[in-house]
Amino acid sequence: MKKQLQIASAFIGTIIGAGFASGQEILQYFTSFGLVGILAILVSTLMFSYMGMTLTRLGSRARARSHGDVIYRISGPYLGKVIDYILLFILFGIGVVMIAGGGSAVSQQFGLPFFVGALIMTLLVAMAVVNKVSRVVNIIGSITPLLILFVVAVSIYCLATVETPLAELNAIAAEQTPVISNWFMSALNYVSFNIAVGCSMAILMGGDEADEKTAAIGGLLGGLGVGILILLSNMAIFSKIDVVAAFDLPMLKIVSDLSPTLGLLYSFILLGMIFNTALSMFFSFGARFAEVQTRRFKVFSLATLALAFVLSFVGFTGLVSIFYPVFGYLGLLLMAALLYASIKRSVLPAGEPALSAEDAGRF
């Protein structure tokens, strides 16, 4: 049971990142549908649970050392290459959104111009990505439990102190513009892009566990945990929608109104989550094109970050509404391949060596 909970916790940490911490994802994907958004969350929870179970189980079955060990095996060399490039596009896109998130967080909390926060985040990621990052990632990774604690505590507080009538809150929430007009498609899209972002780590977590059943249960529990946190965050934002609707970072606004000191602490937690997500995205993206720590890797990563800084000026809210639905639709291809592999077990028989990315000619 301990190993299953470890896998579940790691899966939650992989999915619950900076976009979730800001509250903007939740607002656009769920809260904007009002009370109907709860149905979307229930659908998302079921899908997260199933996909988490599928990813960790396939990773364990393949004894995966990278996502290519599973992706190319279940998709073949041609479709596998398409999915591989889709994942790379998503890595870069999420990285750009995180740079913008840094700008919005610094602007909202400290009143500084957007470009200051975006530049600081870009420079911090640049310094980390060209050096050994394991210690930095471990330190920042320890912030995730604090984020979960904040989400749970703030949600309980908001629900206990809500004064605005439910019907009025529902009307205000319905005035917000969702990323996708249909609540079911919004739920599907949200799961799809998150699974696309987190699939590499989930597969590796499964690959590290020899017992396929243990890995599968861990992924299942992790998906349930993600769904519960989404529900809590959504209820907090919904209960304060009349106050936070106009802000890029709704959760930060809620915490800041509760206590300026807690707001300052949450802003640093949020910045830490943004930094961690951005670093993971750009490091993984650069490693795909050059050997880590080589001069080529460093030059490529710095050039990529410079481009991301420029693109970040579209704005955090704008980038979430533009990029995330696209990522979700692209991620549907990956989900379809995973579902096919889950149903047709012969695609990846237990004990059979997986076809690696190198074997498929990816490079």
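Look above for the structure.
Residues numbered from 1 in each chain as written. Predicted model: local features only at pLDDT ≥ 70, side-chain atom pairs only at ≥ 80, totals over all residues. Heavy atoms only, no water.

Caption draft 1: The overall build of the chain, seen in detail. Assigned secondary structure in the chain consists of 16 helices and 0 strands. Taking contacts inside the chain between residues at least 6 apart in sequence as the whole, the part at least 24 apart equals 85%. Approximately 14900 Å² of the chain is accessible, and the part contributed by carbon and sulfur atoms is 68%. (Helix = DSSP H or I, 4+ residues; strand = E, 2+ residues; numbered from the N terminus. Contact = heavy atoms within 4.5 Å. Areas by Shrake-Rupley, 256 points an atom, 1.4 Å probe, with all protein chains shown as cover.)

Caption draft 2: Layout of a nonpolar patch on the surface. Where nonpolar side chains cluster on the molecular surface, the patch consists of Phe115, Leu119, Ile120, Leu123, Leu124, Met127 and Phe313 and spans about 650 Å² of accessible area. Of the residues examined, Leu119 reaches a relative accessible area of 35% and is grouped as partly exposed. (Patch = residues over 30% accessible without salt bridge, like charges linked within 9 Å, V, L, I, M, F, W, Y side chains within 5 Å. Salt bridge = Lys/Arg side-chain N within 4 Å of Asp/Glu carboxyl O. Buried < 20%, exposed > 50% of the residue type's maximum accessible area, 1.4 Å probe, protein only.)

Caption draft 3: A look at the packing of helix α8 (residues 144-161) against helix α11 (residues 212-239). The geometry of α8 relative to α11 is characterised by a closest axis approach of 8 Å and an angle of 45 degrees between their N-to-C directions. Between α8 and α11, the angle falls in the class oblique. As for how α8 packs across α11, the hand of that crossing is left-handed. For the pair α8 and α11, the contacting residues are Ile148, Val151, Val152, Val154, Ser155, Cys158 and Leu159 in the first and Leu229, Leu232, Ser233, Met235, Ala236 and Ser239 in the second. (Axes fitted to C-alpha atoms, helices over the stretch in contact; angles between N-to-C directions. Parallel < 35°, antiparallel > 145°, perpendicular 65-115°, else oblique. Left-handed = near helix turned anticlockwise from the far one by under 90°.)

Caption draft 4: Focus on the pattern of salt bridges. This model, assessed by the stated rule, comprises 3 salt bridges. The partner of Glu212 in a salt bridge is Arg57, with the nearest N and O atoms 3.9 Å apart. Of the two residues, Glu212 is situated in helix α11 and Arg57 in helix α4 (residues 37-62); the sequence distance between them amounts to 155 residues. The class of Arg57 is buried, set by a relative accessible area of 8%.

Caption draft 5: Inspection of the nonpolar core at higher detail. Core analysis: the biggest nonpolar cluster contains 109 residues, and Phe30, Tyr190, Ile195, Ile230, Tyr324 and Leu334 have the highest contact counts within it. Per-element tally for this core: the top contributor is helix α5 (residues 68-110), with 18 residues. With residues near it in sequence (within four places) discarded, Phe30 still touches Gly37, Ala40, Ile41, Ser44, Ala187, Tyr190, Ile230 and Asn234. (Core = buried A, V, L, I, M, F, W, Y, C linked by side-chain atoms within 4.5 Å.)

Caption draft 6: Main features of helix α10 (residues 183-207). For α10, spanning 25 residues, the distance from its first C-alpha to its last is 34 Å, which sits close to the expected 36 Å at 1.5 Å a residue. Bending of α10 peaks at approximately 55 degrees at the position of Gly198. The backbone nitrogen of Phe184 has a side-chain oxygen 2.9 Å away, supplied by the residue at the start of α10, namely Asn182. (Expected span 1.5 Å × (residues − 1). Bend = angle between axes of the 7 residues up to and from the residue. Polar contact = N/O pair within 3.5 Å; in protein donor to acceptor, adjacent residues only side chain to side chain.)

Caption draft 7: Main features of the packing of helix α1 (residues 2-15) against α10. One way to put it is that α1 packs onto α10 with a least axis distance of 9 Å and a crossing angle of 150 degrees. What the angle tells us is that α1 and α10 run roughly antiparallel. Here α1 runs over α10; the crossing is right-handed. Residues Ile7, Ala10, Phe11, Thr14 and Ile15 of α1 touch α10, and the partners they reach there are Asn194, Ile195, Gly198, Met201, Ala202 and Met205. Partitioned by chemical class, the residues of the contact of α1 with α10 number 8 nonpolar, 3 polar and no charged. (Nonpolar A, V, L, I, M, F, W, Y, C, P; charged D, E, K, R; others polar.)

Caption draft 8: Geometry of the side chain of Ser104. By secondary structure assignment, the location of Ser104 is in helix α5. Looking at Ser104, its side chain comes within polar contact range of the side chain of Asp248, at 3.2 Å. Residues contacting Ser104, with those up to four places away along its chain left out, are Phe114, Asp248, Leu249 and Phe316.

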